[in-house]
Amino acid sequence: MNYRISFDPEDQQLDVIHGYLTRSYWAEGIPRETVARAVAHSLCVGAYDDEMQVGFARVVTDRATFAYLADVFVLEGHRGRGLAQQMLEALEDHPELQGLRRWALFTRDMQPLYAKLGWEAYPHPDRLMVRDVPDIYTR
């Protein structure tokens, strides 16, 4: 298969993105309007098989010092082909994301993938604080 990676906002297929996220462990039940707002205010990359979107990742960033990687997925039938890695490398190479002091992400089960790309556990967990409302979309 011949996949392409794109940052073009016009290529993003909200139905595909919402369809995956609403059944994901991290955003179960997320409203479509929330996904639309998140996509509109993030730097997004997609993976495409012809015109069909099969992967997605987004970065929330000030484009100067910090980036938060979120909502990374590849549809089930397209996994194992390196698409997640291609999207992450494209984000790391993006001109607006150069020179950042820190990148962050949360993952329950994909640490091996991110470790291959140079990510590591935060070395100072005593400094890290969060405000977390994990069931916000299912209440």
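Placed above this text is the structure.
All values derive from a computational prediction rather than experimental measurement.

## As for the overall build of the protein chain
Per the secondary structure count, the protein chain includes four helices and five strands. Secondary structure elements of the protein chain occur, N-terminal to C-terminal, as β-α-α-β-β-β-α-β-α. With the C-alpha coordinates aligned to their principal axes, the bounding extent of the protein chain is approximately 45 × 40 × 25 Å. Out of the 139 residues belonging to the protein chain, those deemed buried represent 38%. For the protein chain, the exposed surface amounts to about 8900 Å²; the carbon and sulfur share of it is 50%.

## Description of the packing of aromatic side chains
Per the stated rule, a full pass over the model turns up seven aromatic pairs. With centroids separated by 5.1 Å and ring planes inclined at 85°, the aromatic side chains of Tyr25 and Trp26 adopt a geometry described as edge-to-face. Above the face of the Tyr48 ring, Arg4 is positioned so that its terminal group lies 4.6 Å from the ring centre. The ring of Tyr25 has Arg108 lying over it, and the distance from NZ or CZ to the ring centre is 3.9 Å.

## Quick word on unusual backbone geometry
One non-glycine residue, Asp50, lies in positive phi territory at about 55°. Within the element layout of this structure, Asp50 appears in the loop between strand E2 (43-49) and strand E3 (52-61). Of note, the phi angle at Arg63 is positive, near 65°, even though the residue is not glycine. Tracing the chain through its elements places Arg63 in the loop between E3 and strand E4 (66-74).

## A word on the sheet that holds E3
Pairing is mixed in the open sheet, where five strands are placed in the order E1-E2-E3-E4-E5. Taken across any chain shown, the strands that pair with only one partner, and hence form the sheet edges, are strand E1 (3-6) and strand E5 (102-104). Between one strand and the next, the sheet's axes are offset by a mean angle of 20°, whatever the strand orientation.

## Notes on a nonpolar patch on the surface
On the surface, a cluster of nonpolar side chains totalling about 420 Å² of accessible area is made up of Phe106, Tyr122, Leu128 and Val130. Topologically, Phe106 is positioned in the loop between E5 and helix H4 (111-116).

## Observations concerning the nonpolar core
Of all hydrophobic cores here, the largest spans 34 residues; its most connected members are Ile17, Leu21, Leu69, Phe73, Leu88, Leu91 and Tyr114. Of all the elements in the fold, those that place two or more residues in this core are helix H1 (14-21), helix H2 (32-40), E2, E3, E4, helix H3 (83-93) and H4. Setting aside residues no more than four positions away along its own chain, Tyr114 makes contact with Leu69, Val72, Leu88, Leu105, Thr107 and Trp119.

## Examining H3
Among the residues of H3, those classed as buried are Leu83, Ala84, Met87, Leu88, Ala90 and Leu91. Seen end-on, H3 carries its buried residues on one side only, within an arc spanning 160°. The secondary structure elements touched by the buried residues of H3 are E1, E2, E3, E4, E5 and H4.

## Topic: the environment of Tyr68
Tracing the sequence through the fold places Tyr68 in strand E4. Using a relative accessible area of 28% as the deciding quantity, one classes Tyr68 as partly exposed. Put simply, Tyr68 and Leu83 are 15 residues apart on the chain and 19 Å apart in space, counted from C-alpha to C-alpha. Setting aside residues no more than four positions away along its own chain, Tyr68 makes contact with Arg58, Val59, Val60, Ala104, Leu105 and Phe106.

The rules behind these values
Residues numbered from 1 in each chain as written. Predicted model: local features only at pLDDT ≥ 70, side-chain atom pairs only at ≥ 80, totals over all residues. Heavy atoms only, no water. Helix = DSSP H or I, 4+ residues; strand = E, 2+ residues; numbered from the N terminus. Buried < 20%, exposed > 50% of the residue type's maximum accessible area, 1.4 Å probe, protein only. Areas by Shrake-Rupley, 256 points an atom, 1.4 Å probe, with all protein chains shown as cover. Phe/Tyr/Trp six-rings, centres within 6.5 Å; stacked < 30°, edge-to-face > 60°. Lys NZ or Arg CZ within 6 Å of the ring centre and 35° of its normal. Pairing = 2+ DSSP bridges. Axes fitted to C-alpha atoms, helices over the stretch in contact; angles between N-to-C directions. Patch = residues over 30% accessible without salt bridge, like charges linked within 9 Å, V, L, I, M, F, W, Y side chains within 5 Å. Salt bridge = Lys/Arg side-chain N within 4 Å of Asp/Glu carboxyl O. Core = buried A, V, L, I, M, F, W, Y, C linked by side-chain atoms within 4.5 Å. Contact = heavy atoms within 4.5 Å. Arc of directions from axis to C-beta.

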